[in-house]
Amino acid sequence: MKNKKILSCILSLILIVSLLPLAVVEASAKSTEKASVFVDEFGVVFDEEYETLVLYVPSDITSYTITENVEDIEENAFGECDGLESIEVDEDNEHFSCDEYGVLFNKDKTILIRCPEDAPFSTYTIPETVVKIGEGAFEDCDNLVSITIGNKITTIGDGAFEDSEYLETVIIENSVIHIGKSAFEDCQSLSNLQLGENIDIIDNYAFYDCPALNEIVIPDSVTIIGEGAFEDNFTLATVFMGSGVKLIGDSAFEDCDLLKNITIGCNVKAIGNYAFYDCAGLTEIVIPDSVTSIGEGVFEDNFSLETVVIGSGVASIGVSAFEDCDSLVNVAIGENVKKIGNYAFYDCYRLPHISLPESVTTVGDNAFGNCYSLKSISVTPELTSVSLIAFSTVTT
C-alpha cells in the first residue's frame, strides 16, 4: 500500500511534466546530474532513447499499443492504469506480446506482465505457456471474478492480485511453489480458494484482509506462513494446517475474530509475535512438542480461550503471550519451559490453578498479575528467579 502512495506522488509530477510543450523533458536527478525522459502523445513516460517504458499515466484512452522500438518495461510501469481495457503490442516488437484479451506478456508468453485494470472480462484462464505471474499483474482488476492459475506456473509475484475487489474464486494448480508478498491482499470478495499441493512459501500478507474467506486448507508442502499472511480475515472460521509448516510468522492470523478451529502442525518450530492475537473465537489450543518458542502476545486477547496445552519442546513463553484471555481455566505448561515472560498470563482472571514444572527457573513481572481467581500455585525448588510482582493482586 505504501508503494501506491509513492506512485501517486510520481504520477502527479509526471502529469505536470506532460503538460509542457516539449517531447523530451530534462529533470534533475541529483544536484550535479540530470536524467532525461521522453513523453509520448498519450502522456506515457519512456527513457530518453524511447526504448524503456517507465510509467503509464492514466488518461482517457481505453487501449494502448506497445510500439516496435520498446525493449524493456519497468516493474509496475502499469501499476496505475485506471480506464485501460487492453494493452496491444506491435507485431514487430521482439520483446513483448499480448493475447486476444489485451493482456501483456513477454515475447514467448512465459511471464504475464499486466492485465489492464478495466479489462472487460470476468473470468480468465492463464495460458499454458506462463511460468510466472509478474508483480502487480492483476492489481485493481475489479471486473475479474474467477481466475485459473495454470499448471506450469511456479511463482505468483508480489501484489499480483492485490485490490482485485470482486475476485471470488482462485484455483492454484500444483506447479506453484511461491505465493508472493501481498499477492491477494485486499481481495474483498475472495471466498473460494484452492491452494496447490506443492506450495512452499505463503509470503507476508499474501491473503491479508480477505474478509470473505471462511476456510483455509494449507497443504503439507507449505513450510512457511509469512507475517500477516491471513491477518484481518474476520470471517475465517477454520484452518487446516498441513504437517510441513515449520514457521508461523508474526501476526499470521491476527484479528481473525471468528476463528474457532485450528490445529497447529506437528512440525511447527516457532510461532511468531501476535500470530493469533485477538482470535476471539478460539476455545482450545494445543501447542505441539515440536514448537520451541512462543512469541510475544501470540494468543493475547483471545477472550474465549478456555484450555491451553503447551508441548514439551517449548523453552520460553513470550511477553503477554496469553494476556487478557478472560475465559482461560485450564493451562498445562510443558515440562521443559524455563522462562515465563512478563505479563504472560496477565489478567486471566478466571484461572483457578497453575502448576509450574521443575524446569521453570524464571517468572517475569506480572506473569500472573490480576489472576483474581488463582487459588493454588504449585512450584518446585528449581524456581530461582521470581519477580516481586509476578503474582500481583493474587490473594492466595
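Since the structure is predicted, the reported quantities are computational estimates derived from the model, not experimental observations.

Calculation notes
For every chain, the first residue of the written sequence is number 1, and numbering continues from 1 onward in sequence order. Only residues with pLDDT of 70 or above have their local features reported here, since the model is predicted, and side-chain atom pairs are shown and tallied only from 80 upward, although totals for entire chains, interfaces and linings are computed over all residues. Side-chain numbers come from the whole structure's heavy atoms, not from hydrogens or water. In DSSP terms, a helix is any run of H or I states spanning at least four residues, a strand is any run of E spanning at least two, and both are numbered starting from the N terminus. Any two residues having at least one pair of non-hydrogen atoms within 4.5 Å are treated as being in contact. The classification of residues rests on relative accessible area computed with a 1.4 Å probe and restricted to protein chains. Under 20% of the type maximum is buried, over 50% is exposed, and intermediate values are partly exposed. At least two DSSP bridges between two strands are required for those strands to pair. For this document, the term salt bridge refers to a Lys or Arg side-chain nitrogen within 4 Å of an Asp or Glu carboxyl oxygen.

1. Overview of the side chain of Thr 52
Examined against the element boundaries, Thr 52 turns out to sit in strand 4 (residues 52-55). Setting aside anything within four residues of it in sequence, one finds Thr 52 in contact with Val 45, Phe 46, Asp 47, Asp 72 and Glu 74.

2. Topic: the environment of Ala 252
Note that Ala 252 resides in the loop between strand 22 (247-248) and strand 23 (261-263). What makes Ala 252 buried here is its relative accessible area of 0%. For the pair Ala 252 and Asp 232, spaced 20 residues apart in sequence, the C-alpha to C-alpha distance is 9.2 Å. Each residue touching Ala 252, except ones within four places of it in the same chain, is listed here: Ile 225, Gly 226, Gly 228, Ala 229, Phe 230, Glu 231 and Ala 275.

3. Observations regarding the pairing of strand 19 (residues 215-218)
With burial as the criterion, only one face of strand 19 is covered, namely that bearing Ile 216 and Ile 218; the residues Glu 215 and Val 217 on the opposite face remain uncovered. Bridging between strand 19 and strand 21 (residues 238-241) involves four bridges; their strand directions are parallel. Each bridged residue has a counterpart across the sheet, and for Glu 215 the counterpart in strand 21 is Thr 238.

4. Overview of the pattern of salt bridges
Two side chains that carry opposite charge are able to pair once their charged atoms sit near each other. The full count for this structure, using the stated rule, is two salt bridges. A salt bridge links Glu 117 to Arg 114, with the nearest nitrogen and oxygen atoms 3.7 Å apart. You'll find Glu 117 and Arg 114 in the same group, each marked buried. The residue Asp 203 makes a salt bridge to Lys 181 at a minimum N-O spacing of 3.7 Å. With Asp 203 in the loop between strand 18 (201-202) and strand 19 and Lys 181 in the loop between strand 16 (178-179) and strand 17 (192-194), this pair connects stretches of sequence that are 22 residues apart. By relative accessible area, which is 12% here, Asp 203 ends up buried.

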